[in-house]
Amino acid sequence: MRNCKTYMIRTYGCQMNELDSEIMTGQLHQKGLVEASSEAEADLILFNTCSIRDLAERKVLGKIGQLGRKRVKRPIIGVTGCMAMAKKDSLFKKVPHIDFILGTNNITDLSEVLDNLLDTGIKQVRIEDKFEDNLDYLIASRKNKLSAYVSIIRGCDKYCTYCVVPYTRGKEVSRPFASIKEEVTDLAAKGCKEITLLGQNVNSYGKDQPDWKIRFHDLIYELDKIDGIERIRFMTSHPVDITKDLMMAIRDVPSACEFIHFPIQAGSSRILKKMHRIYTLEEYLEKVDLLRKIVPNATLGTDIIVGFPTETDEEFEMTYNIFKQIDYSLAFLYTYSPRNGTPAKRWKDDVPEKVKEERLQKLYSLYEMQLNKQMQQLIGTSLEILVTGRNKNNYLTGKSRCFRKVVYQGDDSHIGTLQTVTVTGFHHQTLLASQA
Ligand code: SAH
Ligand code: SF4
Ligand code: F3S
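This one's a predicted model, so the numbers in the text were calculated from it and none came from an experiment.

Novice: Outline the overall build of the chain, supporting the account with residue identities and numerical values.
Specialist: Summing up its helical and strand segments, the chain has 13 helices and 19 strands in all. The C-alpha atoms of the chain give 22 Å as radius of gyration, which agrees with the globular expectation for 436 residues (22 Å, within 12%). Overall, the C-alpha framework of the chain stretches about 65 × 55 × 50 Å when taken along its three principal axes. Out of the 436 residues belonging to the chain, those deemed buried represent 55%. Accessible surface, the chain as shown: approximately 19600 Å² in total, 51% of it carbon and sulfur.

Novice: Hey, could you go over the packing of helix α12 (residues 313-326) against helix α13 (residues 353-378) for me, with residue numbers and the actual values?
Specialist: Axis separation between α12 and α13 bottoms out at 10 Å; the angle between their running directions is 15°. When the interaxial angle is binned, α12 and α13 end up roughly parallel. Read as a crossing pair, α12 and α13 show a hand that is right-handed. Listed contacts from α13 to Asp 313, Phe 316, Glu 317, Thr 319, Tyr 320, Phe 323 and Lys 324 of α12 are Arg 359, Lys 362, Leu 363, Leu 366, Tyr 367 and Gln 370. Considered class by class, the residues forming the contact of α12 with α13 number six nonpolar, two polar and five charged.

Novice: Could you give an account of the sheet that holds strand β10 (residues 194-198), with specific residues and numbers?
Specialist: Spatially, three strands are ordered β7-β10-β11 in an open sheet, and the strand pairing comes out parallel. Each edge of the open sheet is held by one strand with a lone partner, namely β7 (147-151) and β11 (231-235). Averaged over all pairs of adjacent strands, the angle between strand axes in this sheet comes to 25°, irrespective of strand direction. In the sheet, β7 pairs with β10 via five bridges, with the strands oriented parallel. Each residue of the ladder has a partner; that of Ser 147, found in β10, is Glu 194.

Novice: I'd like to hear about the nonpolar core, residue by residue, with values.
Specialist: Counting 70 residues, the largest nonpolar core has Ile 195, Phe 216 and Leu 223 as the members making the most contacts within it. Look past the residues within four positions of Phe 216 in its chain and what remains in contact with it is Ile 152, Leu 197, Val 202, Asn 203, Tyr 205, Phe 234 and Leu 246. Of all hydrophobic cores here, the second largest spans 28 residues; its members include Leu 19, Phe 131, Val 173 and Met 235.

Novice: Lay out the site of ligand 2 with the relevant residues and their values.
Specialist: Neighbouring ligand 2 are Cys 156, Lys 158, Tyr 159, Cys 160, Tyr 162, Cys 163, Val 165, Pro 166, Gln 200, His 238 and Arg 277. Here ligand 2 is seated within the largest pocket. By residue class, the composition of the shell around ligand 2 is seven nonpolar, two polar and two charged.

Novice: With reference to specific residues and values, describe the domain arrangement of the chain.
Specialist: As far as domains go, the chain holds domain 1 (6-126), domain 2 (137-377) and domain 3 (379-435). For domain 1 versus domain 2, the distance between C-alpha centres works out to 28 Å. On the domain 2 side, the residues contacting the 25 residues of domain 1 number 24 residues. Of the roughly 2200 Å² buried between domain 1 and domain 2 on both sides combined, carbon and sulfur atoms contribute 58%.

Novice: Could you give an account of the site of ligand 3, with specific residues and numbers?
Specialist: In the neighbourhood of ligand 3, the contacting residues comprise Cys 14, Asn 17, Thr 49, Cys 50, Ser 51, Ile 52, Cys 82, Val 165, Arg 169 and Gln 200. Residue composition of the shell around ligand 3, by class: five nonpolar, four polar and one charged. Here the shell around ligand 3 gathers at least three residues from each of two domains, domain 1 (6-126) and domain 2 (137-377).

Novice: Could you give an account of the packing of aromatic side chains, with specific residues and numbers?
Specialist: Considering all chains together, one arrives at twelve aromatic pairs under this definition. Between Phe 216 and Phe 234, the ring centres sit 5.1 Å apart and the planes meet at 75°, which makes this aromatic pair edge-to-face. Linking Phe 216 in helix α8 (residues 216-224) with Phe 234 in strand β11, this pair joins segments that are 18 residues apart in sequence. For the pair formed by Phe 216 and Phe 234, the shared burial category is buried.

Novice: Go over the sheet that holds strand β18 (residues 418-427), please, and point to the residues and values.
Specialist: Taking strand neighbours around the barrel as the criterion, the five strands line up as β15-β16-β17-β19-β18 in a closed arrangement whose pairing is mixed. In this sheet, neighbouring strand axes are inclined to one another by 50° on average, regardless of whether the strands run parallel or antiparallel. Its contacts with the sheet put α13 on β15 (382-390), β18 and β19 (430-435), and the angle it makes with β18 is roughly 125°.

Novice: Now, about the layout of surface pockets: what can you tell me, with residues and values included?
Specialist: Over the atoms rolls a probe the size of a water molecule, and its path tells where empty space is left. By volume, the largest pocket is sized at about 1400 Å³. For the largest pocket, the lining is made up of 48 residues, of which Cys 14, Ile 52, Arg 53, Asp 303 and Tyr 334 are closest to its centre. At the level of secondary structure, the elements contributing two or more residues to the lining of the largest pocket comprise α1 (15-30), α2 (54-70), α6 (165-169), β13 (299-306) and β14 (330-335). The leading source of residues in the lining of the largest pocket is α2, at five residues. Taken together, the residues that form the lining of the largest pocket break down as 24 nonpolar, 15 polar and nine charged.

What counts and how
- Residues numbered from 1 in each chain as written.
- Chains lettered and ligands numbered in written order.
- Predicted model: local features only at pLDDT ≥ 70, side-chain atom pairs only at ≥ 80, totals over all residues.
- Heavy atoms only, no water.
- Helix = DSSP H or I, 4+ residues; strand = E, 2+ residues; numbered from the N terminus.
- Rg over C-alpha atoms; globule rule 2.2 N^0.38 Å.
- Buried < 20%, exposed > 50% of the residue type's maximum accessible area, 1.4 Å probe, protein only.
- Areas by Shrake-Rupley, 256 points an atom, 1.4 Å probe, with all protein chains shown as cover.
- Axes fitted to C-alpha atoms, helices over the stretch in contact; angles between N-to-C directions.
- Parallel < 35°, antiparallel > 145°, perpendicular 65-115°, else oblique.
- Left-handed = near helix turned anticlockwise from the far one by under 90°.
- Contact = heavy atoms within 4.5 Å.
- Nonpolar A, V, L, I, M, F, W, Y, C, P; charged D, E, K, R; others polar.
- Pairing = 2+ DSSP bridges.
- Core = buried A, V, L, I, M, F, W, Y, C linked by side-chain atoms within 4.5 Å.
- Near = heavy atom within 4 Å.
- 1 Å grid on protein atoms, 1.4 Å probe; cavity = no way out; pocket = protein on both sides within 12 Å on 5 of 7 lines; lining within 4 Å.
- Sits in = over half its atoms within 2 Å of the grid points.
- Domains from an automatic or database assignment.
- Buried area = accessible area lost by both parts, 1.4 Å probe.
- Phe/Tyr/Trp six-rings, centres within 6.5 Å; stacked < 30°, edge-to-face > 60°.
- Points joined across faces, edges and corners; volume = space filled by probe spheres on them.

And the structure:
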């Protein structure tokens, strides 16, 4: 029987995967495994993978391939996450030294799968579409004690034509409020100050369970009441489901941070329709206007895909101009990558890679200029930051309510508390500050 006393988890992709890795870490700890000090020391290496773009998959496959070639004493290799769902057991053919595959709805089975593998030596696959409702969130082992991800809804029913997530994460399933409350109360008791409510589309919360009579904004009011939780964040939102009630919750609930990820994806209504984003540019802009009326100091984040099939130069210019107009404080910019199983994969990927890359670089340059301007404008203002530790230059470090990284000189007693500081300058994307 193979030895399995130490583990290493490699996490790719989004926050959902980060949280799932924390849950699986908890399960491995319960089994008595300890984290290996290096990859070479690990008896088990678990790859929690992402399929969102081709590059994400290639990175992991490259890494796993390397392990197979280089190691004399090869570790047990498990693959979980979205690539496990997208490729299923065809992964064994691609990379024969994978020992087990665990779907995104089967992470509770990790312990059993590992036992079976160790007992029999037979490769294991556990992949089901059905959401596991016995998932134990409380077992999660978190390195960050001050800030935690809390899952409130899993899956996605939006079926954007380019996106693999509805197929890798299944349909939307909201988590019962009592379970969320129990976890947040437990986190607060352990000293957690900030929670980020997680879902592919948090604003859909409760829609699959009309009898619960609880919607996303209600959650914010309720969780704010838990003693010790000083900040509530959430991600991600689909613009269609961002409601006026949510905007009012952000305005009225003290712990709700004034930042909304409001992913536009593209600036032309024709492309948005082809993406099945179910809003037009005008509808999107109306919502942004409403948000700015209700929460004037709100900052916005976005995701953008350039080079979607049939996107013309003029349509890209529309994306560029909207990006300029909205002045996002956080943006994730991507070139379109065709994904197997999605409707867009059947269309010709007709924007040449070179053009996609040029469009991306153009947007990046604009983004950089805008960030610089935003940073400049923050000089002299006060910001509330949650101090999380020290950086390597021994400065205290933390994040503002709107996700800005801030560093300043101060006492250790600030760590783990909210502090108000005055911005004095910036270096790249980090704000420099002094105690107010
Ligand atoms: N549920 C979230 C995001 C999930 S994926 C949302 O809807 O906001 C994160 C981002 O990856 C998406 O917003 C999109 O911009 C990008 N993305 C998804 N599929 C992609 C693809 N096939 N090619 C390029 N980017 C993609
Ligand atoms: Fe993907 Fe669209 Fe769902 Fe986001 S909302 S996860 S982009 S299908
Ligand atoms: Fe990637 Fe899956 Fe997240 S595809 S972005 S890890 S939901």
